[in-house]
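So you can see what is in the structure, the chains are spelled out below.
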Amino acid sequence: MKRLQAIIASSLFAVIGGFSAYAGENYTFKFTPQARLLLDGAVFLPNKDDFSDGVYIPDARIGANASYGNISMTLSMAYFMGKFKLMDAYFMWKPNSWNTIKAGHFINQFGLNAATSSSRKASLIAPISDTFFGVTPYNFGINYIYSKNEIFAAGSVFTPATSLSEQPMQQGKISMGVMERFAWRPLREKGNIAQIGFSSLYQTPEHKAEKNEDGVTVASEGFLNYSANYPTKVNSISLLKAPVTHAKGAVKISPEILLSKDRFALEGQYYFMNVDRGHGFGSYKAQGAYGLFRALLIGEKEYSYSSDKAYLNYPGSKTLECILGYDYTNASDCHSAIMGGISNDWSVTFNYYLNKYFNAQLRYSYTDVRASEYVAKRHENIIQARLIFIY
């Protein structure tokens, strides 16, 4: 563990030092302010228990990007879900068009949803499965990306952002991990796109510092917590919850697929997780999947592809898009006696892209949950809208 932490620290300093050494005197300094505002409104049917109709600002963000040649720095702060939070805060070095190195606080590459921020989700809300398995949150670490021709490959060494909220002495041990994403995209032309990919991740457990019988501070038993709320930001209501005690380490794998022909597109991803546990406790297993069928109704007639993100580009101005989605997540495992719940989510979303700064989303979803020891069996119809401004 200490060796892995030392690798991250030394690599970070090496990258930053490399940035300074690489910068020459012939480059131009550029400074670009950034801003983001999301406004949500939602109505819930038929059960009003816990849910309240209303409006909410889930994300109001301000930041900037500064660049000098092939070196850049991005920093943003946000009023996010009722709290002020550090969001993007990283250095990036792009020595050429196909290599990128990032170091700092950002979303690492794991699956299709790593390509979009919280304000750019095609179906307004990230898939429940992606949220539950915790594969695309903000982490602190180092990320390398190779993107050229048919190949996209990325690798990261990271520590979860939650590990930075407390000092190491308060945790006993810091959770660490490594992840990768590989994608093969033989077709990348506008209106003719095909990509298959695979992501994997290994993470050590989190800990809390506690006193033993002799009064000495030690690290607690390892644990990893997984959860997801109902697919809305207007209310934060628990849908899935799986606290895993006596954790030794978690492995996650996820194949992905992305296809597009003219004005139609299909994307999907499967997730599988195994958390190894000690002291005779059975390992915890969970799985899930989501799929989106996308269609451009008005405006743009073909989807285009972003090689840097290994994902679809945002449609052009004055384009109306319709998305049909389904998500299944099974967080209940009888073998480990951790019954986190089984959920289904059907949705239809309309996106109107007015221009590159402003777009609007309207979504209906039917979500149910069962087989959970933490939340009651129930279903909910959610109608919600979102206005997005990004600069």
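As the structure is a prediction and not an experimental result, all values here were calculated from the model.

Calculation notes
- Residues numbered from 1 in each chain as written.
- Predicted model: local features only at pLDDT ≥ 70, side-chain atom pairs only at ≥ 80, totals over all residues.
- Heavy atoms only, no water.
- Helix = DSSP H or I, 4+ residues; strand = E, 2+ residues; numbered from the N terminus.
- Buried < 20%, exposed > 50% of the residue type's maximum accessible area, 1.4 Å probe, protein only.
- Contact = heavy atoms within 4.5 Å.
- Areas by Shrake-Rupley, 256 points an atom, 1.4 Å probe, with all protein chains shown as cover.
- Salt bridge = Lys/Arg side-chain N within 4 Å of Asp/Glu carboxyl O.
- Phe/Tyr/Trp six-rings, centres within 6.5 Å; stacked < 30°, edge-to-face > 60°.
- Lys NZ or Arg CZ within 6 Å of the ring centre and 35° of its normal.
- Pairing = 2+ DSSP bridges.
- Core = buried A, V, L, I, M, F, W, Y, C linked by side-chain atoms within 4.5 Å.
- pLDDT = per-residue confidence, 0-100.

Colleague: Go over the overall build of the protein chain with me, naming the residues and quoting the values.
Modeller: For the protein chain, the helix and strand inventory stands at three helices and 22 strands. The buried share of the protein chain, reckoned over its 391 residues, is 48%. Looking at the protein chain alone, contacts between residues at least 24 apart form 63% of all its contacts between residues at least 6 apart. Accessible surface for the protein chain amounts to roughly 18200 Å². Of this, 62% is attributable to carbon and sulfur atoms.

Colleague: Quick rundown of the pattern of salt bridges? Include the residues and the values.
Modeller: Summed over the entire model, instances satisfying the criterion amount to eleven salt bridges. For Arg 61, the salt bridge is made with Asp 88, and the minimal N-O distance between the two is 3.9 Å. With Arg 61 in strand β2 (residues 54-68) and Asp 88 in strand β4 (residues 83-96), this residue pair connects regions lying 27 residues apart in the sequence. For Arg 61, a relative accessible area of 7% corresponds to the buried category. We classify Asp 88 as buried; its relative accessible area is 17%. Note that Arg 181 is salt-bridged to Glu 256, the shortest N-O span being 2.9 Å. In this pair, Arg 181 is assigned in strand β8 (residues 177-189) and Glu 256 in strand β14 (residues 247-261), connecting sequence segments 75 residues apart. Sharing partners across several salt bridges, the network here consists of Arg 36, Asp 59, Arg 61 and Asp 88.

Colleague: Describe the packing of aromatic side chains, naming the residues involved and giving the relevant values.
Modeller: For the structure on display, the rule yields eleven aromatic pairs. Centroid distance Phe 44 to Phe 51: 4.9 Å. Interplanar angle 35 degrees. Geometry classified as tilted. Aromatic pair Tyr 90 and Phe 106: ring centres 5.8 Å apart, planes at 75 degrees, arrangement edge-to-face. Note that Tyr 90 is positioned in strand β4 and Phe 106 in strand β5 (residues 99-107), a separation of 16 residues in sequence. Each member of the pair Tyr 90 and Phe 106 is classed as buried. Every member of this aromatic cluster is reached through a ring pair, and the members are Phe 132, Phe 133, Tyr 226 and Tyr 271. It is Lys 102 that lies over the ring of Tyr 90; its NZ or CZ is 4.2 Å from the centre.

Colleague: Go over the pairing of strand β22 (residues 378-390), please, and point to the residues and values.
Modeller: Sheet topology places strand β1 (residues 29-45) next to β22; ten bridges connect them, and they run antiparallel. Directly across from Leu 38, in β22, lies its bridge partner Ile 388. Two elements, strand β21 (residues 358-372) and β22, share twelve bridges in a ladder whose sense is antiparallel. Paired with Asn 359 across the strands is Ile 388, a residue of β22. Two successive antiparallel strands, β21 and β22, enclose a turn made up of five residues.

Colleague: Let's hear about the pairing of β14: which residues, and what values?
Modeller: Note that strand β9 (residues 192-203) and β14 share twelve bridges and pair antiparallel. Within the sheet, the bridge partner assigned to Ala 194 lies in β14 and is Leu 259. Pairing between β14 and strand β15 (residues 264-277): twelve bridges, direction antiparallel. Each bridged residue has a counterpart across the sheet, and for Val 251 the counterpart in β15 is Asn 274.

Colleague: Tell me about the nonpolar core, residues and numbers included.
Modeller: Counting residues in hydrophobic clusters, the biggest one holds 51 residues, and the most contacted among them are Phe 132, Tyr 226, Met 273, Val 275 and Tyr 284. If you tally residues by element for this core, the top one is strand β16 (residues 284-298), at five residues. Those residues in contact with Tyr 284, other than ones at most four positions away along the chain, are Phe 132, Ala 242, Val 244, Met 273, Asn 274, Val 275, Arg 277, Ala 331, Asp 333, Ser 336 and Ile 338.

Colleague: How would you summarise the confidence of the model for the protein chain if you had to cite specific residues and measurements?
Modeller: In the predicted model, the protein chain carries a mean pLDDT of 89, and the fraction of residues at 70 or more is 88%. Considering only residues more than four positions removed or in separate chains, one finds that residues 19-24, a stretch of pLDDT under 50, has 13 contacts.

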